[in-house]
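Observations on the three-dimensional arrangement
These are the residues of each chain, in order.
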Amino acid sequence: MCLCLSCSQCGVSELVPVCGMDGKELQGHTFHKLLLLLLLSVVAAVSGDSPVPVSGFLGEQVVLSCTYTGNVTISDLLVIWGTPKREFLHKFVNGKDDLTEQNPRFRNRTKLFRDQLEQGNWSVLLSDLRESDQNQYQCQIYKRMSAGFYWVQTDRVLLSVTERLPTPGPNTPVPGPGLPDRARVGLGIGILVAVVFVVAGIGIYIFRKRQRRYSMNQNETSNDVPLTGETC
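Predicted, not measured: the structure shown is a model, and the values here were computed from it. (Residues numbered from 1 in each chain as written. Predicted model: local features only at pLDDT ≥ 70, side-chain atom pairs only at ≥ 80, totals over all residues. Heavy atoms only, no water.)

1. Description of the overall build of the protein
For clarity, the cut-off: For the purposes of this entry, the term helix denotes a DSSP run of H or I that reaches at least four residues, the term strand denotes a run of E that reaches at least two, and both are numbered from the N terminus. A 1.4 Å probe rolled over the protein chains alone gives each residue an accessible area, and that area as a share of the maximum for its type sets the label: buried under 20%, exposed over 50%, partly exposed in between. Residue contacts follow a heavy-atom distance rule, with two residues in contact if any of their heavy atoms lie within 4.5 Å. Computed with a 1.4 Å probe, the accessible areas rest on the Shrake-Rupley method; for each residue, only the protein chains presented here act as cover.
Looking only at helices and strands, one finds three helices and eleven strands in the protein. Seen in sequence order, the protein has helices and strands lined up from the N terminus as β-β-α-α-β-β-β-β-β-β-β-β-β-α. Within the protein, the proportion of its 232 residues that are buried is 29%. Residue pairs in contact within the protein that sit at least 24 positions apart in sequence constitute 59% of those at least 6 positions apart. Accessible surface, the protein as shown: approximately 15800 Å² in total, 58% of it carbon and sulfur.

2. Some points on unusual backbone geometry
Phi at N108 takes a positive value of approximately 60°, unusual for a residue other than glycine. On the secondary structure map, N108 appears in the loop between β7 (96-97) and β8 (110-112).

3. Let's talk about the packing of aromatic side chains
Basically, it comes down to this: Stacked, edge-to-face and tilted are the three classes for Phe, Tyr and Trp ring pairs, Trp counted by its six-membered ring, which pair at centre distances within 6.5 Å; planes under 30 degrees apart are stacked, over 60 edge-to-face, the rest tilted. Any Lys NZ or Arg CZ found within 6 Å of a ring centre and within 35 degrees of that ring's normal is scored as a charge over the ring.
One pass over the structure, following the stated rule, counts two aromatic pairs. Pairing F106 with Y137 gives two aromatic rings, centres 6.3 Å apart and planes at 70°, and the pair type is edge-to-face. Here the residue F106 occupies a position in the loop between β7 and β8, and Y137 occupies one in strand β10 (residues 135-145), the gap between them amounting to 31 residues. No difference in accessibility class separates F106 from Y137, as the two residues are buried. Lying across the ring of F57, R164 places its NZ or CZ 4.0 Å from the centre.

4. Remarks on the pairing of β10
Put simply, the rule reads: Strands were regarded as paired on the criterion that DSSP finds at least two bridges between them.
Pairing between strand β5 (residues 77-82) and β10: six bridges, direction antiparallel. Bridge pairing links L77 to K143 in β10. Here β10 pairs with strand β11 (residues 148-162) via eleven bridges, running antiparallel. Directly across from K143, in β11, lies its bridge partner Y150. Here β10 folds back onto β11 in antiparallel fashion, the turn holding two residues.

5. Focus: the environment of E101
Residue placement: E101 occurs in the loop between β7 and β8. Residue classification places E101 among the partly exposed positions, given a relative accessible area of 38%. Sequence separation between E101 and F88 is 13 residues; the distance between their C-alpha atoms is 6.4 Å. With sequence-adjacent residues up to four places away left out, E101 is seen in contact with F88 and K91.

6. A closer look at the side chain of S127
Definition in use: Think of a polar contact as two N or O atoms within 3.5 Å of one another; within protein, one of them needs to be a possible hydrogen donor and the other a possible acceptor, and neighboring residues in sequence only count if both atoms come from side chains.
Along the chain, the position of S127 falls in the loop between β9 (124-126) and β10. Polar contacts involving the side chain of S127 include one to the side chain of Q61, which spans 3.4 Å. Not counting the four nearest positions on each side in its chain, S127 is found in contact with E60, Q61 and R109.

7. So, the sheet that holds β8
Operational definition: A fitted line through C-alpha atoms represents every axis, and for helices the fit uses only the stretch in contact; the resulting angles, taken between N-to-C directions, go from 0 to 180 degrees.
Strand order across the open sheet formed by three strands is β4-β9-β8, with antiparallel pairing between neighbours. A strand with exactly one partner marks an edge of an open sheet, and here the two such strands are β4 (62-64) and β8. If you compare each strand with its neighbour and ignore which way they point, the axes differ by 30° on average. Where β8 and β9 come together, three bridges link them in antiparallel fashion. Note on β9: the bridge partner recorded for L112 is V124.

The structure is reproduced here in C-alpha cells:
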C-alpha cells in the first residue's frame with residue numbers, strides 16, 4: 001500500500017510515496033515522521049540540480065538517465081520514474097517492475113536495463129517518442145527501512161522531441177557554400193555571352209586579315225602585267 005504526498009502550495013510537485021510492507025505499518029507512522037519525510041522531499045526539490053537536457057526524435061528511442069551508487073540490494077529499493085504532475089512513467093519495487101499505476105500513454109513503451117540495475121543504472125528507455133512526451137521527468141529513489149521506504153535521491157531530466165531531418169540520398173544535390181542559385185545562373189549566362197563575343201571578335205579579325213592579304217595579292221598581280229600598245 002502506498003501513499004503519495006505532494007506540496008503544491010509550496011510550488012513543488014514532488015512525488016513522495018511512503019510504502020510499508022502492509023497497511024498496518026503505514027498506519028503506524030506518526031504525523032511527525034510524515035512531516036519530516038515531506039520536508040526532506042521539498043528541500044530536495046528546491047535545492048536540487050537543474051534538469052539534465054535530453055533530446056530524441058519522433059518515433060525513435062531515448063534513454064532518460066538515472067544513477068544510484070548506494071550500497072543497497074535492488075530488492076530494498078523503490079524507484080519511481082514520473083512527471084512533476086504525478087504521471088507514473090515506470091515503477092520498480094520489491095525486486096520487480098510494478099506497472100499497475102503506469103500512465104496509459106506510456107504502456108509498452110518503457111523498459112529498465114535489468115542487467116545493469118546491480119551496478120546502479122536506473123535509467124529508463126522510452127520508445128516510440130511522441131511530441132506529447134516533451135516534459136520534465138523525475139527518477140525518485142527510496143530505500144527500504146524498518147517502517148517502509150524513505151527518500152534518498154531524485155534525478156531530473158528535461159526531454160525535448162523533434163523530427164529527424166531526412167538524410168540526403170546519393171542523387172540529392174547538396175547546396176554548398178558560395179553564390180545562391182540565381183546568382184550562379186546569371187554568372188554562367190554572362191560568361192557564355194563573353195565567350196561568344198570573344199569568339200566572334202577573333203573570327204572577324206581573321207576574316208579582315210584574309211581580306212587585306214587578298215587585296216594586296218591582287219595589287220601585286222596588276223603591277224606585274226606588261227603594258228601593250230602601238231608606238232609611233
